[in-house]
Amino acid sequence: MPKFFAVAALVGATAVAGCTQGINPTDTDRALIGAGVGATAASVSGGNVVRGAAIGGAAGALCNDFRLCQ
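Residues numbered from 1 in each chain as written. Predicted model: local features only at pLDDT ≥ 70, side-chain atom pairs only at ≥ 80, totals over all residues. Heavy atoms only, no water.

Draft legend 1. Representation of the overall build of the protein in the model. A count of helices and strands for the protein gives 3 helices and 0 strands. Expressed as a percentage of its 70 residues, the buried residues of the protein come to 30%. Restricting to contacts in the protein with at least 6 residues of sequence separation, those with at least 24 account for 59%. Looking at the protein as shown, the accessible area adds up to about 4,200 Å², and 67% of this sits on carbon and sulfur atoms. (Helix = DSSP H or I, 4+ residues; strand = E, 2+ residues; numbered from the N terminus. Buried < 20%, exposed > 50% of the residue type's maximum accessible area, 1.4 Å probe, protein only. Contact = heavy atoms within 4.5 Å. Areas by Shrake-Rupley, 256 points an atom, 1.4 Å probe, with all protein chains shown as cover.)

Laid out in structure tokens, this is it:
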């Protein structure tokens, strides 16, 4: 389950961060969006919310570096 959650948080954060293309988001914007998605996914799935926020925040901040949310 933890691997599934990590992948789900990464995909969710990347998808939501990609929706901000019209506003030219910074890494901080994408990290905050990713943290929100990760925390929500963790809460819904019964996982650790802090861990979910951390994973989602990292995924959101780094998605631009890996050209996943351009």
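Draft legend 2. Helix 2 (residues 27-45), seen in detail. For helix 2, built from 19 residues, the straight-helix expectation of 27 Å at 1.5 Å per residue is met to within 8% by its first-to-last C-alpha distance of 26 Å. Looking at helix 2, one finds that the buried residues are Arg30, Gly34, Gly38, Ala39 and Ala42. Summarising the axial view, the buried residues of helix 2 lie within an arc of 165°, below the 170-degree limit, and thus occupy one face. Exposed residues pointing more than 90 degrees away from the buried face of helix 2 are listed as Leu32 and Val44. Immediately beyond the C-terminal end of helix 2, within one or two residues, lies glycine 46, with a positive phi of roughly 80°. (Expected span 1.5 Å × (residues − 1). Arc of directions from axis to C-beta.)

Draft legend 3. Structural context of helix 3 (residues 49-62). The terminal C-alpha atoms of helix 3, which comprises 14 residues, lie 20 Å apart, in line with the 20 Å expected from a rise of 1.5 Å per residue. Regarding helix 3, its N-cap is asparagine 48, as a side-chain oxygen of that residue lies 3.0 Å from the backbone nitrogen of valine 50 further along. (Polar contact = N/O pair within 3.5 Å; in protein donor to acceptor, adjacent residues only side chain to side chain.)

Draft legend 4. The arrangement of the environment of threonine 26 in detail. Within the fold, threonine 26 resides in the loop between helix 1 (2-18) and helix 2. Using a relative accessible area of 41% as the deciding quantity, one classes threonine 26 as partly exposed. Distance in space between the C-alpha atoms of threonine 26 and alanine 61 is 8.3 Å, their sequence separation being 35 residues.

Draft legend 5. Representation of the pattern of salt bridges in the model. In total, this model carries 1 salt bridge according to the counting rule given. For aspartate 27, the salt bridge identified is with arginine 30, shortest N-O distance 2.3 Å. Here arginine 30 and aspartate 27 lie together in helix 2, a separation of 3 residues that amounts to about one turn. You can call aspartate 27 partly exposed: its relative accessible area is 36%. (Salt bridge = Lys/Arg side-chain N within 4 Å of Asp/Glu carboxyl O.)

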